[in-house]
Amino acid sequence: MASQDYITLDRTNDKMPLVGFGCWKIDSATCADTIYQAIKTGYRMIDSAQIYGNEVEVGQGIKRAIDEGIVKREDLFFVTKLWNTYHGKNNVRPAVERQLKDLGLTYFDLYLIHFPVPCEFTPIAEAYPPPGWIKPGKEKFEYERSPIQDTWREIEKLVDDGLARNIGISNFNVQTILDMLTYCRIKPSVLQIEHHPYLQQPRLVDWVKKQGIHIMAYSSFGPISYNEMTATGKNTPTLFDNETIKSIAAKHDKTPGQVLLRWSTQRDIVVIPKSLNAGRMAANLGVFGWSLDEEDLKAIATLNAGLRFNDTMEPAYGIDLPIFD
Ligand code: NAD
């Protein structure tokens, strides 16, 4: 098994691996095998979500790995998220219960609010996996009157009832987090955000870390997972071909992918790369036992372009909602 490093979370002292495996865009047909392979390869953290539409299969992959004695449940750090349509205070618990059932789990290691966006509710009986941003049958996005405070109260109760060991947020900005800090009973442990050399957000990262909240980076490889979805994703040269990243990789005898992941993990930022390819799946765990130097870090800092790929204003999202402004 590849060596793993961890972050120890406050309150629970749980060990959150610095490298996990992301489940977005893994189709149902191959998902159980992929998750089983990821665990066999050495991943101990899985990042899932209701909206990825594959939690039944993610659960099957985990079950197979446990049944074969590769891991025990307590060796895994399982992360998933509440979709936007279930922010209503009476809708959180049924959504969570459906996830636990689909996954075949009794608790989550970390449960996140996926976006600070309360979309109109659609009952599970009418559509599951959940609809996206727009209620089925409607033409445009409308928000529901569910304040984050009500949603967070329900998320805190998941901890009280042993359904989530740790809780956190994703795609929240400083204003939203600051507001949460004024009322939360249990502070978020983790903020999951888009983070790569083209979108570094140093002020957000520094401030959040100062609040004792850990950062988990998604889309660490930048545009690649958005190249079929958005024009920005398609038109931005990949980070794997970036000359700065390539020359740092050559200098350390590593791959560009490993440099991109090391750049985060070296700064205690958790990463959750996704790969369906066995060689890359293994290579993406190879970020321990070596370091980028000051010169490398300075060079990567110059690549920051404020370039966001998971931007809700992209036409592909079909909503007129600049949540990151
Ligand atoms: P990623 O940055 O992990 O990139 C995945 C793509 O890179 C895939 O196309 C894969 O084939 C390719 N790839 C993987 N390893 C490679 C390597 N070593 N060399 C070359 N190519 C390689 O992208 P992602 O899936 O967007 O992000 C990772 C995870 O983050 C997701 O699976 C999901 O779990 C999570 N995520 C969360 C949010 C959110 O809103 N909270 C949004 C996006 C993603």
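Just so you know, the residues in each chain are numbered from 1, in the order the chain's sequence is written. Confidence filtering applies because this is a predicted model: local features only for residues at pLDDT of at least 70, side-chain atom pairs given and counted only at 80 or more, and all residues used for totals across whole chains, interfaces and linings. The side-chain figures draw on all heavy atoms in the structure; neither hydrogens nor water molecules are used.

For the chain, the name recorded in an unreviewed UniProt entry is NADP-dependent oxidoreductase domain-containing protein, with Lichtheimia ornata as its organism. UniProt positions are given in the numbering used here, feature names are shortened, and annotations may be inferred rather than shown by experiment. Per UniProt, the chain has the following entry under Sequence similarities (unreviewed entry): "Belongs to the aldo/keto reductase family."

Enquirer: Help me out: how do you make sense of the overall build of the chain in this one?
Expert: In this text, helices come from DSSP runs of H or I with a minimum length of four residues, and strands from runs of E with a minimum of two, each type numbered from the N-terminal end. Of regular secondary structure, the chain possesses eleven helices and ten strands. Taken over the C-alpha atoms alone, the chain extends approximately 55 × 45 × 40 Å along its principal axes. Buried residues are those whose accessible area, probed at 1.4 Å on protein chains only, stays under 20% of the maximum for their type, while exposed residues exceed 50% and partly exposed ones sit between those limits. Taken over 325 residues, the chain has a buried fraction of 54%. For the accessible areas, the method is Shrake-Rupley and the probe is 1.4 Å, while residue cover comes only from the protein chains on display. Counting only carbon and sulfur atoms, one obtains 49% of the accessible surface of the chain, whose full area is about 14100 Å². Side chains of the chain give 36 positive and 41 negative charges; the mean places of these two sets differ by 2 Å. When charges are counted, Lys and Arg contribute as positive and Asp and Glu as negative, whereas His and the chain ends are disregarded. Lys charges are placed at NZ, Arg charges at CZ, Asp charges at CG and Glu charges at CD.

Enquirer: Just to check I follow, could you spell out the pairing of strand β8 (residues 190–194) for this structure?
Expert: Where a strand is regular, its side chains alternate between the two sheet faces. For β8, the buried fraction is high: five of the five residues fall into the buried class. What you see with β8 is no split at all: V190, Q192 and E194 on one side and L191 and I193 on the other are buried throughout. Here the rule is simple: two strands pair whenever DSSP picks up at least two bridges between them. Strand direction decides the pairing type here: strand β7 (residues 164–170) and β8, joined by three bridges, are parallel. Note that in β8 the partner of I169 across the bridge is L191. Think of it like this: strands point away, you trace from the first strand over the helix to the second, and a clockwise trace means the crossover is right-handed. Where the polypeptide runs from β7 across helix α5 (residues 174–183) and back to β8, its parallel neighbour, the crossover connection is right-handed. When β8 meets strand β9 (residues 214–218), the two strands line up parallel, connected through five bridges. Bridging from a neighbouring strand, E194 pairs with Y218 of β9. Once the chain exits β8 it traverses helix α6 (residues 202–210) before rejoining the sheet at β9, and the crossover so formed is right-handed.

Enquirer: What am I meant to see in the UniProt feature "active site" (unreviewed entry) in the chain here?
Expert: Mapped onto this numbering, the UniProt entry gives "active site" (unreviewed entry) at Y52. Of note, Y52 is situated in the loop between β4 (45–47) and α2 (55–67). For Y52, a relative accessible area of 18% gives the class buried. The contact definition used throughout considers only heavy atoms, calling two residues in contact when any of these lie within 4.5 Å. Setting aside chain neighbours within four positions, we find Y52 in contact with C23, W24, D47, K81 and H114.

Enquirer: Where do I start with the site of the ligand in this structure?
Expert: We call a residue near a molecule or strand whenever a single non-hydrogen atom of that residue lies within 4 Å of it. Near the ligand, the surroundings consist of 26 residues, among which D47, S170, Q192, S219 and S225 are the closest. One of the backbone N or O atoms of C23 is found 3.3 Å from an oxygen atom in the ligand. Polar contacts, as counted here, are pairs of nitrogen or oxygen atoms within 3.5 Å of one another; within protein the pair requires one atom able to donate a hydrogen and one able to accept it, and residues that are adjacent in sequence qualify only if both atoms are side-chain atoms. Contact distances for the ligand include 3.3 Å between an oxygen atom and a side-chain N or O atom of H114. Protein coverage of the free-state accessible area of the ligand, which is 840 Å², stands at 90%. Just so you know the grouping, Ala, Val, Leu, Ile, Met, Phe, Trp, Tyr, Cys and Pro go in nonpolar, Asp, Glu, Lys and Arg go in charged, and all remaining residues, Gly too, go in polar. Taken together, the residues of the shell around the ligand break down into eleven nonpolar, eleven polar and four charged.

Enquirer: Teacher, can you tell me more about helix α4 (residues 148–160) here?
Expert: Think of an α-helix as 3.6 residues a turn; residues three or four steps apart then line up on the same face. A helix's residues, less one, multiplied by 1.5 Å, set its expected span. End to end, α4 covers 18 Å across 13 residues, agreeing with the expected 18 Å (1.5 Å per residue, within 8%). Among the residues making up α4, those that are buried are I148, T151, W152, E154, I155, E156, L158 and V159. Close packing links the buried residues of α4 with β5 (77–82), α3 (92–103), β6 (108–113), β7 and α5.

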